[in-house]
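One letter stands for each residue in the lines below.
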Amino acid sequence: MAFPGLLNYWFVVILMMIGFFIVIAHGNLVKKIVGLNVFQISVFLFYITMGKVDGGSAPILAEGIEVYSNPLPHVLILTAIVVGVATTALGLALVVRINESYGTIEEDEIGAMEDDA
Amino acid sequence: MIVVAVAIARLHNLFAVVMLTGIFSLLGAAAYVVLDAVDVAFTEAAVGAGISTVLMLGTLALTTSEERTAPRDRVILALVVVVLTGAVLVYGTLDMPFYGDPMAAIHQHVAPRYLGASGAEIGIPNVVTSILASYRGYDTLGETFVIFTAAAGVLAILGRARGPGTSKPTKAEREDAEV
Amino acid sequence: MNYKIVIRVVSKFLIPYMLLFALYVQWHGDFGPGGGFQAGVIFAAGFILYGIVFGVGNLRDVVPAWVTRTLLAGGVLLYAGVGVAGMLMGGSFLNYSVLAATPTGGQHLGILLVELGVGVTVAAAMITIFATFSSRER
């Protein structure tokens, strides 16, 4: 009981910060979307670790099992994952369009072109 | 997972980055199985490691697969911001219940009712499914609309008038378009 | 990709099983892990594999754009329609208990239909997104 303690949350925080770092430190738009994905997965992990109960099993009702993990976070994250990929696809579509208009997916170069225009 | 995430942050070859994202998702799915979320793991393995990798590769094929190096001062600034935010978040977790604590606040409100009563009320053993489709039907309806809208958005952004079922335009047509 | 004969043969062999597995996941979601979201994604993955190996032109011959677009809207409408049907039969929106003779029977039917709506929408959305991306040229 004592061992994992709060470690799972710190793990999530580290992952989340790596995602955040990718988003703010990189100018490449595809890399930014990858960063957002890492961030997203860390949030998913956060929810799922909150839903875990010691000694619990997967929330599928069966004879002889008394303790289940909390199913509510699972439901939320299940839909969030699929919605996440749909919105990622939308973002990537925008990146493709930006690349067609500007010929680059680097943020600074796009900014420079905007200034010139 | 942290190792893979650091590698994603460091690499500049976007192709490798996308592949690592797939691995990252798969590791995430394994973690979900350990944490009893089998439904979620299933989805993550199919979506994260499968579809989104394919979509990202499609984007790379349409754009470029090398990233320019970010300016050094920007990286340092970003690191400072990230470490500060992380420290605040870790401070915030000190109030959280311990991992696996059955008395945590999250397990006290509606979850016991779902676990206790859904067997009799809905009559199907997978509680995740019964919450998803029945108790939380409105939410799921909303999510379905989001997916619908996202697909419609992609169509609106990229699916410019090219007749259904036609493949690439012929070379002559493209030359016409360029003139 | 004409020269990759191993990939072509193996994917031809695998795709039917992927689609079958997707259907299993769809209908078995009540009892084990699975449901509309996962099934839709796996179903779409089967078509996307076909599209990668045999080209998007061939994929669009199998599922033309109008089919995926109709299904995309049809899935959402099926979901909302189940809700409205519940209303018409005297319950509240998205309350499935009134759909059949017994409440649990109604819930069963409602969940099955709703999951089907979700699955159809997700599959159609993924195929649409993939086809739109890959029919684009640089």
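Everything below is about the structure shown above.
Reading guide: rules and limits
Residues numbered from 1 in each chain as written. Chains lettered and ligands numbered in written order. Predicted model: local features only at pLDDT ≥ 70, side-chain atom pairs only at ≥ 80, totals over all residues. Heavy atoms only, no water. Contact = heavy atoms within 4.5 Å. Buried area = accessible area lost by both parts, 1.4 Å probe. Salt bridge = Lys/Arg side-chain N within 4 Å of Asp/Glu carboxyl O. Polar contact = N/O pair within 3.5 Å; in protein donor to acceptor, adjacent residues only side chain to side chain. Helix = DSSP H or I, 4+ residues; strand = E, 2+ residues; numbered from the N terminus. Nonpolar A, V, L, I, M, F, W, Y, C, P; charged D, E, K, R; others polar. Axes fitted to C-alpha atoms, helices over the stretch in contact; angles between N-to-C directions. Parallel < 35°, antiparallel > 145°, perpendicular 65-115°, else oblique. Buried < 20%, exposed > 50% of the residue type's maximum accessible area, 1.4 Å probe, protein only. Expected span 1.5 Å × (residues − 1). Bend = angle between axes of the 7 residues up to and from the residue.

J.: Hey, could you run me through the interface of chain A and chain B in this one?
T.: In many reports, interface size means the accessible area that the parts give up when they come together. Contact residues are listed per partner, giving 78 residues for chain A and 81 residues for chain B. Summed over both sides, the interface of chain A with chain B buries roughly 7400 Å², with 77% coming from carbon and sulfur. Along the contact surface separating chain A from chain B lie zero salt bridges. Connecting chain A to chain B are one residue pair in polar contact (both at pLDDT 80 or more). Elements with a contribution of two residues or more to the side of chain A that touches chain B: helix H1 (7-25), helix H2 (29-51), helix H3 (71-102) and helix H4 (107-116) of chain A. In terms of residues, the side of chain A that touches chain B owes the most to one element, H3 of chain A, which gives 24 residues. Across the side of chain A that touches chain B, the residue classes break down as 52 nonpolar, 17 polar and nine charged.

J.: Could you clarify how one ought to interpret the packing of H2 of chain A against H3 of chain A in this entry?
T.: Residues and elements named next belong to chain A. It is at 11 Å that the axes of H2 and H3 come closest, and there the two elements cross at 175 degrees. Considering their axes alone, H2 and H3 lie roughly antiparallel with respect to each other. Side by side, H2 and H3 meet where Leu29, Val30, Ile33, Asn37, Gln40, Phe44, Tyr47, Ile48 and Gly51 of the first sit next to Pro73, His74, Leu76, Ile77, Ala80, Ile81, Gly84, Thr88, Gly91, Leu92, Val95 and Ile98 of the second. Partitioning the contact of H2 with H3 into residue classes produces 14 nonpolar, seven polar and no charged.

J.: Is there a simple way to explain the side chain of asparagine 99 of chain A in this structure?
T.: When you line up the elements, asparagine 99 of chain A lands in helix H3. The buried category is assigned to asparagine 99 of chain A, whose relative accessible area is 13%.

J.: Before we go on, may I ask you to explain the pattern of salt bridges in this structure?
T.: Where charged atoms from two side chains of opposite charge come close, those side chains can pair. Residue and element names in this part refer to chain A. The tally for this structure, following the rule as stated, stands at one salt bridge over all chains. With its nearest N and O atoms 3.1 Å apart, the salt bridge here joins arginine 97 to glutamate 100. Placement of the pair is arginine 97 and glutamate 100 together in helix H3, with a separation of three residues, close to one helical turn.

J.: Help me understand helix H1 (residues 5-27) of chain C in this model?
T.: The periodicity of an α-helix, 3.6 residues per turn, causes residues three or four positions apart to be oriented the same way. An ideal rise of 1.5 Å per residue puts 33 Å on 23 residues; H1 of chain C measures up with 34 Å between its terminal C-alpha atoms. At leucine 14 of chain C, H1 of chain C shows its largest bend, some 30 degrees, and a proline, proline 16 of chain C, comes one to four positions later. Those residues of H1 of chain C that fall on the buried side of the exposure criterion are Ser11, Ile15, Ala22, Val25 and Gln26 of chain C. Buried-residue contacts for H1 of chain C involve helix H3 (38-62) of chain B together with helix H2 (36-54) and helix H5 (103-134) of chain C.

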